[in-house]
Amino acid sequence: MTRSTEWAVEAHGLVKVFGDNRAVDGVDLTVRAGTVYGVLGPNGAGKTTTISMLATLLRPDGGDAFVFGHDIRTEQQVVRQLLGVTAQFASVDETLSANENLMIFARLLGLSGREAKAKTAELLEEFGLTDAAKRPLKKFSGGMRRRLDLAASLIAQPPLIFLDEPTTGLDPRTRAQMWDTIRRLVATGSTVLLTTQYLDEADQLADRIAVIDRGRVVAEGTADELKASVGESSLQLRLADSSDIEDARRAIAAVLGVEAVVSPEGSRLTAPMREADAVTDLFVTFREAGIHLQEMSVQKPTLDEVFLTLTGHGVEDEETADQESAETGQDAASEGATTSEGIRA
């Protein structure tokens, strides 16, 4: 059966069960080729298990999925040649140098000695690791290890790259560097499926985002669509003179048709912003009434607000699914011994 190559990933009703835990419970995903697709969710939501099934490291208990039209159940070797995977935990050897790690992976993937040396040098340069190429990995920072792990997954130049929480625990500067690298990958023709706990990361990188919780996709769309679906932006105003608070509240009610909340210190007002165009009218009303602003800002829904609305809990409130992580790791390890070509267990 020939399937459209428009989609890098098509997943329909994926299910994975560990004992009594339904880690993935009917996940549907469609990832357009040449894009970044974000899978957003708290710890234990089923993100890693979903990635592991798509990467052929775990066998689904239900549903089906295709990578560039190839069935993950019946065409595993073909699928693996199309993938590069960077998991949450580095698969590099800490007793070896960055240069030695990349050389080993390159040789295992069938490159000649000369090709492996050239590819290693290219990737070390791309990820800013040339100066540390001969340093043992145990002396690397967390960000450097993550960059090396991503570099290793790109040796075979796969058209599809799975990045499982690639920036968790990294400092802001290193996160920004990783974001730039991901953008370059897509610009050169790759498709990226990215799992993350950070809405800002998905917002920065992803063309579309699926929010997954307790093994199910609870929302899907662009970052702006997701934010709009869970709540309005809020208008935050700090007055130059706190004695104008009541007049400002009345003006907000009259012009915007909403009730403003006064901050505890009595100088800041917060009001739902349902119509952005009406804010201009509000400022005109303030000026005519002699109400002066010291500060104005618009606050979009935060990550916790998104999750509280969509899932009933914040990101940090979800109990980490240790059973899922442990069992995923066990199954991946047992099946990972058979992986080859563009994928590393």
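Attention in this report is confined to the structure presented alongside it. (Residues numbered from 1 in each chain as written. Predicted model: local features only at pLDDT ≥ 70, side-chain atom pairs only at ≥ 80, totals over all residues. Heavy atoms only, no water.)

### Observations concerning the nonpolar core
Formed by 43 residues in total, the largest nonpolar core has its most connected members in Leu-102 and Val-192. Ignoring anything within four residues of it in the chain, the contact list for Val-192 reads Thr-35, Val-36, Tyr-37, Ile-161, Leu-163, Ile-182 and Val-186. Grouped together as the second largest cluster of nonpolar side chains are 32 residues, Val-9, Leu-54, Ala-55 and Val-79 included. (Core = buried A, V, L, I, M, F, W, Y, C linked by side-chain atoms within 4.5 Å. Buried < 20%, exposed > 50% of the residue type's maximum accessible area, 1.4 Å probe, protein only. Contact = heavy atoms within 4.5 Å.)

### Some remarks on helix H3 (residues 98–108)
Within H3, the full set of buried residues consists of Ala-98, Asn-101, Leu-102, Phe-105 and Ala-106. Axial view of H3: buried residues confined to an arc of 130 degrees, hence all on one face. In this structure, the buried side of H3 is in contact with helix H4 (113–126) and helix H5 (142–153). Residue Gly-110 follows H3 closely and has a positive phi angle near 95 degrees. (Helix = DSSP H or I, 4+ residues; strand = E, 2+ residues; numbered from the N terminus. Arc of directions from axis to C-beta.)

### Quick notes on the sheet that holds strand E2 (residues 21–32)
Taken in spatial order, the 4 strands of this open sheet run E2-E1-E4-E5, and their pairing is antiparallel. The sheet is open, and its two borders are formed by E2 and strand E5 (70–71), each paired with just one other strand. Bridge analysis of strand E4 (residues 62–67) against E5 gives 2 bridges, and the strand direction is antiparallel. Bridging across to E5, Val-67 finds its partner in His-70. Sheet contacts for helix H1 (residues 47–54): strand E1 (7–18), E2 and E4; angle to E1, the most-contacted strand, approximately 120 degrees. (Pairing = 2+ DSSP bridges. Axes fitted to C-alpha atoms, helices over the stretch in contact; angles between N-to-C directions.)

### Observations concerning the packing of H3 against H5
For the pair H3 and H5, interaxial distance at closest approach is 10 Å and the crossing angle is 20 degrees. Between H3 and H5, the angle falls in the class roughly parallel. Where H3 crosses over H5, the two elements pack in a sense that is right-handed. Of the residues in H5, those in contact with Ala-98, Asn-101, Leu-102 and Phe-105 of H3 are Leu-148, Ala-151 and Ala-152. Residue composition of the contact of H3 with H5, by class: 6 nonpolar, 1 polar and no charged. (Parallel < 35°, antiparallel > 145°, perpendicular 65-115°, else oblique. Left-handed = near helix turned anticlockwise from the far one by under 90°. Nonpolar A, V, L, I, M, F, W, Y, C, P; charged D, E, K, R; others polar.)

### Notes on helix H8 (residues 223–230)
For H8, every residue scored as buried is listed here: Ala-223, Leu-226, Lys-227 and Val-230. The buried side chains of H8 occupy one side of the element, clustering within an arc of 95 degrees when seen end-on.

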